[in-house]
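# Coordinate analysis (summary)
Here's the letter readout for the chains.
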Amino acid sequence: MTAKQFLVPICCAGFVVCGLLNGMPAFSQTMGAPPQSQVKALVGRLDLERYKATIKGLTQFGDRQQGTDRNRAALDWIEAQLKSYGCANTERIRYIYDAPAPQSRQSTRAAQAVEISSGEVVRGVGGSRLRGLVQPLPPNNDPAAQTDPSLRALNAGPVSSGPNEEVYCTKVGARHPDEMYIVGAHMDGRGFGEAADDDGSGTALVMELARVFSDPDVVTERSIRFALWNNEESGHVGSRAYVQQRASLQGRESPPGSGRYPEPRWLGMIQHDMMLWDHGMPGPDGTVSAEQRREADINIEFQSSAKFADQAMKLAFVFREANENYATDYPAAVGPHMSNTDSAEFMDYVPAISLRENERGMQIGAGWNPHYHQATDLFSSYSDKDFRLGLNAAQTTLGAVAQLAGASLKK
Ligand SMILES: [Zn+2]
């Protein structure tokens, strides 16, 4: 047994006890947790065809690039959907986005595939270590790379600086309305495709969870906020604005005596970014398999350098356990290199994790997804196996959050 094999069961068996011994984990768990049968019933309300339909709905707005009319139209559509689910009290964060000068319109040309030699240490983002065949893909900045003329026309609108917005809605906790979990994904995209995977897949996951938790017969003890960040692709501008504007409002009752908490105290932040594609490492010719790899899994990451790293690690293992209890098809793995997504803005305030199709540093960063930020990030580029991987991530998060927030079904 290697040290690594040994470590995992110890963590799994120990985290509940560790959490209690630490006094007060920022996220609450196990005590008063709903029975598995109730959580399972809730998870059963997720459905592959509905998940796909929500992704498809998002793709009608093209790549939803920040600062464009198509981005604003997508935001309005998302808000209308949330309201239609019964997540009625939607709110918007407003901030300013300063668009950079237009980038050169170059087509993407992948760098030569490089095989990392034995023993050579090459670092990727988030503290990761790259292994094997590496072929990072630069983002596509050329609208003409889109071969579908109607999609090219849809994605032609200009980017403008100025006021921008993002939307969230909240399931208010029946017993602890002053505490909440934040479940997020970014609704903006890039690359002049449909941003179906990055991040239509995460956005649709969060919307589907908002739908299930908003069912009239669902009660949660704690609050859950469903946030669709904007401007992630320009450096987490939207999620940073949220943190800057609202961190100091946590836990305040307003107006006093009303029982209303506009910003419940943050217990955990869970981000979803690129949920569909897990086809393995590029081959020696630099191409990636058209088929999903048989070992496909969901990657749950925390950041080992975060202020709340220890609690985020424990939160990640709560999600891994929820995956084992509730996900129908695919397993989940935990890693310490969360990076390059909105949860980074929260990780020094609250335990924060991300869920993805692959590890961001070692795998996506090495070119494992050939559609990443490309004109080919289209709904039609993914199979039902790919969509099912995203659905399994939804089952994982729904199961974990139902348990953490104390969800139950009214009789
Ligand atoms: Zn993304």
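The structure under discussion appears in the preceding block.
The following refers to the structure shown. Since the structure is predicted, the reported quantities are computational estimates derived from the model, not experimental observations.

### Some remarks on the pairing of strand S11 (residues 298–301)
Neither face of S11 is open: one carries Ile-298 and Ile-300, the other Asn-299 and Glu-301, and all of them are buried. Of the strand pairs in this sheet, S11 and strand S12 (residues 332–335) are connected by four bridges, and their pairing is parallel. Across the sheet, residue Glu-301 finds its bridge partner in S12, namely Gly-335. Handedness of the β-α-β unit built from S11, helix H8 (residues 309–326) and S12 comes out right-handed. Strand direction decides the pairing type here: S11 and strand S13 (residues 352–356), joined by three bridges, are antiparallel. By the bridge assignment for S13, Glu-301 is matched with Ser-354.

### Focus: the nonpolar core
Generally speaking, a soluble globular protein has its nonpolar side chains buried in company with each other. Judged by nonpolar contacts, the single largest core of 71 residues is most densely connected at Leu-82, Phe-213, Phe-226, Phe-319 and Ile-353. Counting residues per element, this core draws most heavily on helix H9 (residues 384–405), which supplies 11 residues. In this structure, Phe-319 is in contact with Ile-270, Ile-300, Ile-353, Leu-355, Thr-396, Thr-397, Ala-400, Val-401 and Leu-404, ignoring residues within four places of it in sequence. One finds Tyr-168, Met-180, Met-269 and Ala-306 within the second-largest nonpolar core, a separate group that totals 20 residues.

### Overview of the side chain of Gln-395
Among the secondary structure elements, Gln-395 is positioned in helix H9. For Gln-395, a relative accessible area of 6% translates into the label buried. Gln-395 has contacts with Val-43, Leu-46, Tyr-326, Ala-327 and Thr-328, leaving out every residue within four places of it along the chain.

### Side note on the packing of helix H3 (residues 48–59) against helix H4 (residues 69–85)
Relative to each other, H3 and H4 sit at 150°, their axes nearing to 10 Å. On the basis of their axis angle, the class for H3 and H4 is roughly antiparallel. For H3 against H4, the interelement crossing comes out right-handed. Contact residues: H3 offers Arg-50, Thr-54, Gly-57 and Leu-58, while H4 offers Trp-77, Ile-78 and Tyr-85.

Reading the values: rules and limits
- What you see as residue numbers is a count from 1 along each chain, following the sequence as written.
- Note on the predicted model: pLDDT of at least 70 is required for a residue's local features to be given, and 80 or more for side-chain atom pairs to be given and counted; whole-chain, interface and lining totals, by contrast, use all residues.
- Note that the side-chain values use all heavy atoms of the structure and ignore hydrogens as well as water.
- A simple rule labels every residue: compare its accessible area, found with a 1.4 Å probe on the protein chains alone, to the largest value its type can have, and call it buried under 20%, exposed over 50%, or partly exposed in between.
- Where helices and strands are cited, they refer to DSSP runs of H or I of at least four residues and of E of at least two residues respectively, numbered from the N terminus.
- Following DSSP output, two strands are said to pair if at least two bridges run between them.
- Crossover handedness is defined here as right-handed if the route from the first strand over the helix to the second strand goes clockwise, with the strands pointing away from the viewer.
- What is meant by a nonpolar core is a set of buried Ala, Val, Leu, Ile, Met, Phe, Trp, Tyr and Cys residues, joined one to another through side-chain atoms within 4.5 Å.
- Contact between two residues is taken to exist if any of their heavy atoms lie within 4.5 Å; hydrogens are not considered.
- Only the stretch in contact is used when fitting a helix axis, every axis being a line fitted to C-alpha atoms; angles between N-to-C directions are given from 0 to 180 degrees.
- Our angle categories are set so that under 35 degrees counts as roughly parallel, over 145 as roughly antiparallel, 65 to 115 as roughly perpendicular, and the remainder as oblique.
- Crossing handedness follows the turn of the near helix against the far one: under a right angle anticlockwise gives a left-handed crossing, and clockwise gives a right-handed one.

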